[in-house]
Amino acid sequence: MAEVLVLVDHAEGTPKKVAYELLTLARELGTPSAVVLGAGASAAADRLAAYGAETVYVSEAEELDGYLAGPKASVLAQLVADKSPAAVLLPSNAEGKEVAARLAVKTGSGLITDAVGVTPDLTAEQPIFGGSVVVQSRVAAGTPVITVRANSTAPTEAPASGTVEQVSATFSDADRAARVVDHVVEDKGGRPDLGDASIVVSGGRGVGAAEGFGIIEQLADTLGAAVGASRAATDAGWYPHQNQVGQTGRTVSPQLYIAAGISGAIQHRAGMQTSKTIVAINKDPEAPIFELADFGLVGDLFTVVPQLTEQIAKRKG
Amino acid sequence: MNIVVLVKQVPDTWAERKLSDSDKTLDRASVDVVMNEIDEYAVEEALRLKEAATASGGEASVTILTMGPERAVETIRKALSMGADKAVHLTDPALAGSDALQTSYALAQVLSTLEYDLVIAGSEATDSRMSIMTALLAERTGQPQLSGARKVTASMEGTAGTVRIERQTENGYDVVEASTPALVSVVEKINEPRYPSFKGIMAAKKKPLTTLSIADAGIDAAQVGLASAPSQVASFATKPPRSAGQVVKDEGDGGVKIVEFLAAQKLV
Ligand SMILES: Cc1cc2nc3c(=O)[nH]c(=O)nc-3n(C[C@H](O)[C@H](O)[C@H](O)COP(=O)(O)OP(=O)(O)OC[C@H]3O[C@@H](n4cnc5c(N)ncnc54)[C@H](O)[C@@H]3O)c2cc1C
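Residues numbered from 1 in each chain as written. Chains lettered and ligands numbered in written order. Predicted model: local features only at pLDDT ≥ 70, side-chain atom pairs only at ≥ 80, totals over all residues. Heavy atoms only, no water.

Section: the packing of aromatic side chains
Our working definition: Stacked, edge-to-face and tilted labels apply to pairs of Phe, Tyr and Trp rings (six-membered ring for Trp) whose centres lie within 6.5 Å, assigned for plane angles under 30 degrees, over 60, and everything in between, in that order. In this description a helix means any DSSP run of H or I spanning at least four residues, a strand means any run of E spanning at least two, and both kinds are numbered starting from the N terminus. Each residue gets one of three labels from its accessible area relative to the maximum for its type: buried under 20%, exposed over 50%, partly exposed in between, using a 1.4 Å probe on protein chains only. Look at NZ for Lys and CZ for Arg. If either is within 6 Å of the ring centre and within 35 degrees of the ring normal, a charge sits over the ring.
Within the structure shown, the criterion is met by three aromatic pairs over all chains. Residues Tyr20 of chain A and Tyr51 of chain A carry aromatic rings whose centres are separated by 4.1 Å and whose planes lie at 20° to one another, so their mutual orientation is stacked. With Tyr20 of chain A in helix H1 (residues 17-27) and Tyr51 of chain A in the loop between helix H2 (45-50) and strand S5 (55-59), this residue pair connects regions lying 31 residues apart in the sequence. The interplanar angle of 25° and the centroid separation of 4.5 Å between the aromatic rings of Phe213 of chain A and Tyr239 of chain A together place this pair among those described as stacked. Placement of Phe213 of chain A in helix H6 (residues 213-223) and of Tyr239 of chain A in the loop between helix H7 (231-235) and strand S16 (256-260) is noted, with a sequence separation of 26 residues between them. Residue Phe213 of chain A shares its accessibility class with Tyr239 of chain A, and that shared class is buried. Geometry around Tyr173 of chain B places Arg150 of chain B over its ring, the cationic atom sitting 4.4 Å from the centre.

Dropping the structure here:
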């Protein structure tokens, strides 16, 4: 079976959950090979082998973290030329999509983004227009480059050899054009990443103040969830911008999305309406968020959210 | 400083958007159309950079570049009425159904005929939601990609400039720097777009608008359009709109009610 390359999303060599999901998906399409790029890459091999990576291509070249998107696309393009894989799968986050875009141009290939499934004949399923239409697409040129959303496949282990192969990459001047001069990490207290999390609890203007996010975080921690926020909340400085969910924030599709004090503006929906189950807490019975909630509670979040946290904690014993 | 702003006309997000049954492309004819919302922020940022440049004695211009059907002129006029100086409209029946890769090829061809220090785009179009145009154009032009900016600063020394952006990341932000000419995309955090003034709307009618066909722009007809698109829609299905579930009023046991629902769904 032909190789299927999977670009691994990782932090200093610790793969994100989406990497295991993509390897699980790649096993249906061919023989998975993981591609790990950037600082710490070598450390990831064992964990990737556990999820089916027969080969783990590794490069820790400085350019990979020092410049936006171009260098990673160059390494992948070299691998596509050398290994003739059946397809390349990447995570459908901001960086994954940009690397995919550049890779598609470099290799003269077709590109599909935001897939939620890929069949063995490499047909990708994509929800569009906020999930109201589902499209089956195929790539008609080159090596299919497909970005896949987090939470699309349940990751399962399937041990493979995970043979590490160092890739020696060469980079062009264009790869070195956009230089990362500072990398600022803002702490979010050890909670799961929004893109990966299977549960997201979000707060909006109704939370009222930065301190108000305390009860949102407590609920999230009880559920092992990530914390999201509406633009009203991030603009007010109540919660960091990186936690914004929506059109210009993150797009999430967790198993469960809980929106507290969020009205459900179209730009917010754009980032969360493909969530499997949506629960909304809002004191306004007319709030548009109730139009898409599977369960809506009309009430004051300051009493409902703490009670919910307490009830869940009780169930968990 | 010469700035080109990429502006797209899109269906209104509140309108019902459909794919046409015959060719499975977005049905652009039957819906209300508007300027892609984030592109307004791109126009605003260009105008601010121009104002800053002229305030310090420099020269600057803002050119709108739009690819789209004839009616996209409405959107171009809006951008001109906000204060852009001139516009280029790439329109040709042969472009219909082009995917993102083909669109980036066509736009790159037009860009190669323009003189610019910066290209500014919105980070995402509300119809396709791919967020990759800046990356595609960077790959095609060999110019730097400064995407997802929540802040932009640009400084010119004669014809050589430096651009710096703050780019939102998943756990903070990156500061990214490049030399001009550079390609920037912006998110809505960056500014608050102005409304066109009455004077601006009147002036827009007289501003230069160049219309280009693919032949004018040196675009190879074999590389654009639905038939040769490198990604093809095989089929599609309309899903019933997400129907509202049950809505319950809090009677003092709201938290309990939610847990009962979650437990029934096996979510806790
Ligand atoms: C270009 C552009 C991009 C945008 N991108 C995004 C984006 O990425 N993400 C995003 O979220 N928004 C985005 N927006 C903004 C969006 O239009 C809305 O303004 C925003 O989502 C509103 O946030 P909110 O729901 O928290 O606030 P509001 O709309 O003010 O709603 C607050 C809600 O809280 C409820 N409430 C108040 N107090 C309580 C209480 N005690 N208990 C229970 N409920 C209560 C109210 O009934 C109300 O429904 C964007 C806008 C533009 C123009």
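Details of the site of the ligand
Put simply, the test is: Near, as used in this document, describes a residue that has one of its heavy atoms within 4 Å of the molecule or strand being considered. Residues adjacent in sequence count toward polar contacts only when both atoms are side-chain atoms; beyond that, a polar contact is any pair of N or O atoms within 3.5 Å, and within protein one must be able to donate a hydrogen and the other to accept it. Note on areas: Shrake-Rupley with a 1.4 Å probe; residue coverage comes only from the protein chains shown. We place a 1 Å grid over just the protein atoms. Points where a 1.4 Å probe fits but has no way out form a cavity, open points with protein on both sides within 12 Å along at least 5 of 7 lines form a pocket, and any residue with an atom within 4 Å of a point lines it. Placement in a cavity or pocket follows one criterion, namely that more than half of the molecule's atoms lie within 2 Å of its grid points. Throughout, the ten residues Ala, Val, Leu, Ile, Met, Phe, Trp, Tyr, Cys and Pro are labelled nonpolar, Asp, Glu, Lys and Arg are labelled charged, and all others, Gly among them, are labelled polar.
Among the 28 residues in the neighbourhood of the ligand, the closest are listed as Arg205, Ser230, Ser263, Gln267 and Asn282 of chain A. Near the ligand, the surrounding residues are drawn from chains A and B. Residue Asn282 of chain A places a side-chain N or O atom 2.7 Å away from an oxygen atom belonging to the ligand. With respect to the ligand, the backbone of Leu301 of chain A contributes an N or O atom lying 2.9 Å from a nitrogen atom. Here the ligand, which alone exposes 990 Å², has 84% of that area covered by the protein. More than half of the atoms of the ligand fall within 2 Å of the grid points belonging to the second largest pocket. Contributions of two or more residues to the shell around the ligand are made by H7, helix H8 (266-269) and helix H9 (301-316) of chain A together with helix H1 (37-55) of chain B. Taken together, the residues of the shell around the ligand sort by class into seven nonpolar, 14 polar and seven charged.

Side note on H6 of chain A
Residues Phe213, Ile215, Ile216, Leu219, Ala220, Thr222 and Leu223 of chain A constitute the buried set of H6 of chain A. One or two positions beyond H6 of chain A, positive phi appears at Gly224 of chain A, with a value near 65°.

Re the layout of surface pockets
What counts is decided by this rule: Grid points are joined across faces, edges and corners, and a volume is the space filled by probe spheres set on the points.
In this structure, the second largest pocket occupies an estimated 740 Å³ of space. If you trace the second largest pocket, you find 37 residues lining it, with Arg205, Ser230, Ala232, Ser263 and Ala265 of chain A closest to the centre. Breaking the lining of the second largest pocket down by element, the ones donating at least two residues are H7, H8, strand S17 (277-282) and H9 of chain A together with H1 of chain B. Sorting elements by how many residues they give to the lining of the second largest pocket places H1 of chain B first, with four residues. Among the residues making up the lining of the second largest pocket, the classes are represented as 12 nonpolar, 14 polar and 11 charged.

What to know about the environment of Pro196 of chain B
Residue and element names in this part refer to chain B. The condition that has to hold: In what follows, a contact means two residues having at least one pair of non-hydrogen atoms within 4.5 Å.
For Pro196, the position within the fold is in the loop between strand S10 (182-186) and helix H5 (198-204). Separated by 115 residues in the primary sequence, Pro196 and Ser81 place their C-alpha atoms 5.3 Å from one another. Setting aside residues up to four positions removed in sequence, Pro196 forms contacts with Lys78, Ser81, Met82 and Ile201.

Points about the domain arrangement of chain A
Residue and element names in this part refer to chain A. Note the following rule: The split of the chain into domains comes from an automatic or database domain assignment. Buried area is understood as the total, over both parts, of accessible area removed when two parts are fitted together, assessed with a 1.4 Å probe.
Taken domain by domain, chain A holds domain 1 (3-176) and domain 2 (199-316). Each of domain 1 and domain 2 has a C-alpha centre, and the two are 31 Å apart. With six residues of domain 1 at the interface, the matching set in domain 2 holds six residues. Both sides together, the interface formed by domain 1 and domain 2 hides about 430 Å², and carbon and sulfur atoms give 44% of it.

Notes on the sheet that holds strand S13 (residues 246-249) of chain B
Selection rule: We call two strands paired when DSSP finds no fewer than two bridges between them. Throughout, an axis means a line fitted to C-alpha atoms (over the contacting stretch in the case of helices), and angles, computed between N-to-C directions, take values from 0 to 180 degrees.
Strand order in the open sheet formed by six strands is S15(A)-S14(A)-S16(A)-S17(A)-S18(A)-S13(B), and the pairing between neighbours is parallel. Only two strands of the sheet have a single partner each, and these edge strands are strand S15 (226-229) of chain A together with S13 of chain B. With direction set aside, neighbouring strand axes in the sheet form an average angle of 15°. Where S16 of chain A lies against S17 of chain A, five bridges are found, and the strand directions are parallel. Counterpart to Ala260 of chain A in the pairing with S17 of chain A is Ile281 of chain A. Packed onto the sheet, H6 of chain A meets strand S14 (199-203), S15 and S16 of chain A and runs at close to 175° relative to S14 of chain A.

A word on the packing of H6 of chain A against H9 of chain A
Residue and element names in this part refer to chain A. Put simply, the test is: Roughly parallel means an angle under 35 degrees; roughly antiparallel means over 145; roughly perpendicular covers 65 to 115; every other angle is labelled oblique. Crossings are classed by handedness, with left-handed meaning an anticlockwise turn of the near helix from the far one by less than a right angle and right-handed meaning a clockwise turn.
Running from N to C, H6 and H9 point in directions that differ by 20°, and their axes come no closer than 9 Å. Between H6 and H9, the angle is such that the two are roughly parallel. When the axes of H6 and H9 are compared, the crossing they make is left-handed. Contact residues: H6 offers Ile215, Gln218, Leu219, Thr222 and Leu223, while H9 offers Leu301, Phe302, Val305, Pro306, Leu308, Thr309, Ile312, Ala313 and Lys316. Of the residues assigned to the contact of H6 with H9, the class counts are 10 nonpolar, three polar and one charged.

With respect to the interface of chain A and chain B
Using the following cut-off: By definition here, a salt bridge exists when the distance from a side-chain nitrogen of Lys or Arg to a carboxyl oxygen of Asp or Glu is within 4 Å.
Across the contact, 87 residues belong to chain A and 79 residues belong to chain B. Here chain A packs against chain B, burying approximately 7000 Å² in sum over the two surfaces, 56% of which is carbon and sulfur. Broken down residue by residue, the surface that chain A buries against chain B is led by Phe129, Gln247 and Phe295 of chain A, which jointly contribute 10%. For the pair chain A and chain B, the interface holds eight salt bridges. For the salt bridge of Glu139 of chain B with Lys106 of chain A, the shortest nitrogen-to-oxygen distance reads 3.0 Å. Put simply, chain A and chain B have 37 residue pairs in polar contact (both at pLDDT 80 or more) between them. Per-element tally for the side of chain A that touches chain B: the top contributor is helix H5 (residues 94-107) of chain A, with eight residues. A breakdown of the residues in the side of chain A that touches chain B according to their chemical character gives 38 nonpolar, 28 polar and 21 charged.

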